[in-house]
Amino acid sequence: MGEDFAVIIRLSQFKPSAYDTKLANTPQEMEAWLNPLADAGVDILHCSQRRFWEPEFEGSDLNFAGWAKKLTGKATITVGSVGLSGDFFGAFAGQSSDPTSLDELTRRMDRGDFDLVAVGRPLLSDPSWVKKIKENRTGELKGFSKEALGELVLD
Ligand SMILES: Cc1cc2nc3c(=O)[nH]c(=O)nc-3n(C[C@H](O)[C@H](O)[C@H](O)COP(=O)(O)O)c2cc1C
């Protein structure tokens, strides 16, 4: 591919069957994992977490995307329970989530921890989610229910 083609790689520290297990247990281990990818030409690291606000390592509040950016200098995407009270494993177990504030997300983004934010479930239940955020219509945001996994919601 050409130089102007952005390569994004999705990364996860955990497995759905063992989400307390991490591939990298220290920043040094994460560096050894991610820097070869950065050197090979990956442009953006998409760092999957269950809850974006959880620190990746002790001693700093940086999340996975925050550490990935700090260690590689590459742009990063954060994801995981943005705008929702419960995580996506709970959704598959039938638990509902309510809309939550984006203040912690914007605090981290304004600090430069990551460059982009991905959302999963909010868009499945509400295709207007981004538009509502942009227009500050936070009172109109919807939560996520197990029924939303079984239906296609269109604007
Ligand atoms: C119905 C559904 C299907 C998903 N399928 C995939 C998938 O195939 N590959 C993947 O990497 N993540 C998948 N995910 C995880 C999402 O990409 C995302 O990481 C997760 O939903 C957390 O974001 P959220 O809290 O905004 O929903 C899926 C999530 C949902 C709800």
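For the structure, check the block above.
This structure is a prediction, so every number in the text was calculated from the model and none was measured.

Draft legend 1. Focus on the overall build of the chain. Check the secondary structure of the chain and you find six helices and four strands. A compact globule built from 155 residues would reach a C-alpha radius of gyration of about 15 Å, and the chain, at 16 Å, matches this within 12%. C-alpha atoms of the chain, sized along the principal axes, occupy 40 × 35 × 30 Å. The proportion of buried residues among the 155 residues of the chain is 25%.

Draft legend 2. Highlighting the nonpolar core. Cys-47, Ala-65, Trp-67 and Ala-68 are the most contacted members of the largest nonpolar core, which totals 17 residues. Broken down by secondary-structure element, the contributors of at least two residues to this core are α1 (27-39), β2 (44-48), α2 (64-72) and β3 (75-79). It is α2 that contributes the most residues to this core, five residues altogether. In contact with Cys-47, other than residues within four places in its own chain, are Leu-11, Phe-64, Ala-65, Ala-68, Thr-76, Ile-77 and Thr-78.

Draft legend 3. Quick look at α1. For α1, which comprises 13 residues, the first-to-last C-alpha distance of 17 Å matches the rise-based estimate of 18 Å (1.5 Å per residue) to within 8%. At Trp-33, α1 shows its maximal kink, close to 30°; a proline, Pro-36, follows between one and four residues later. Trailing α1 by a residue or two, Gly-41 shows a phi angle of about 115°, which is positive.

Draft legend 4. How the structure looks around the site of the ligand. Around the ligand, 13 residues are found, and the nearest of them are Ser-81, Phe-88, Val-119, Gly-120 and Arg-121. Classifying every residue of the shell around the ligand gives seven nonpolar, four polar and two charged.

Draft legend 5. View of the environment of Pro-99. In this structure, Pro-99 sits in the loop between α3 (88-92) and α4 (103-110). Spatially, the C-alpha atom of Pro-99 lies 35 Å from that of Phe-5, the residues being 94 residues apart in sequence. Residue contacts for Pro-99: discarding those within four places in its chain leaves Gly-83, Leu-84, Leu-141, Lys-142 and Gly-143.

Draft legend 6. Focus on the packing of α1 against α2. Contact geometry of α1 with α2 gives a least axis separation of 9 Å together with a crossing angle of 65°. With respect to each other, α1 and α2 are oriented roughly perpendicular. Crossing hand, α1 versus α2: right-handed. On the side of α1, the interface is formed by Pro-27, Met-30, Glu-31, Leu-34, Asn-35 and Ala-38, while α2 contributes Trp-67, Ala-68, Leu-71 and Thr-72. Looking at the contact of α1 with α2 residue by residue, the classes come out as seven nonpolar, two polar and one charged.

Draft legend 7. A look at unusual backbone geometry. For Ser-81, which is not a glycine, the phi torsion comes out positive at approximately 65°. Among the residues examined, Ser-81 registers 25 C-beta atoms within 10 Å and is labelled buried. The phi torsion at Asn-136 lies on the positive side, around 60°, for a residue other than glycine. By secondary structure assignment, the location of Asn-136 is in the segment after α6 (129-134). Asn-136 sits in the exposed class, given 7 other C-beta atoms within 10 Å.

Conventions we followed
- Residues numbered from 1 in each chain as written.
- Predicted model: local features only at pLDDT ≥ 70, side-chain atom pairs only at ≥ 80, totals over all residues.
- Helix = DSSP H or I, 4+ residues; strand = E, 2+ residues; numbered from the N terminus.
- Rg over C-alpha atoms; globule rule 2.2 N^0.38 Å.
- Buried ≥ 20, exposed ≤ 12 C-beta atoms within 10 Å, placed from the backbone.
- Core = buried A, V, L, I, M, F, W, Y, C linked by C-beta atoms within 7 Å.
- Contact = placed C-beta atoms within 7 Å.
- Expected span 1.5 Å × (residues − 1).
- Bend = angle between axes of the 7 residues up to and from the residue.
- Near = placed C-beta within 6 Å.
- Nonpolar A, V, L, I, M, F, W, Y, C, P; charged D, E, K, R; others polar.
- Axes fitted to C-alpha atoms, helices over the stretch in contact; angles between N-to-C directions.
- Parallel < 35°, antiparallel > 145°, perpendicular 65-115°, else oblique.
- Left-handed = near helix turned anticlockwise from the far one by under 90°.

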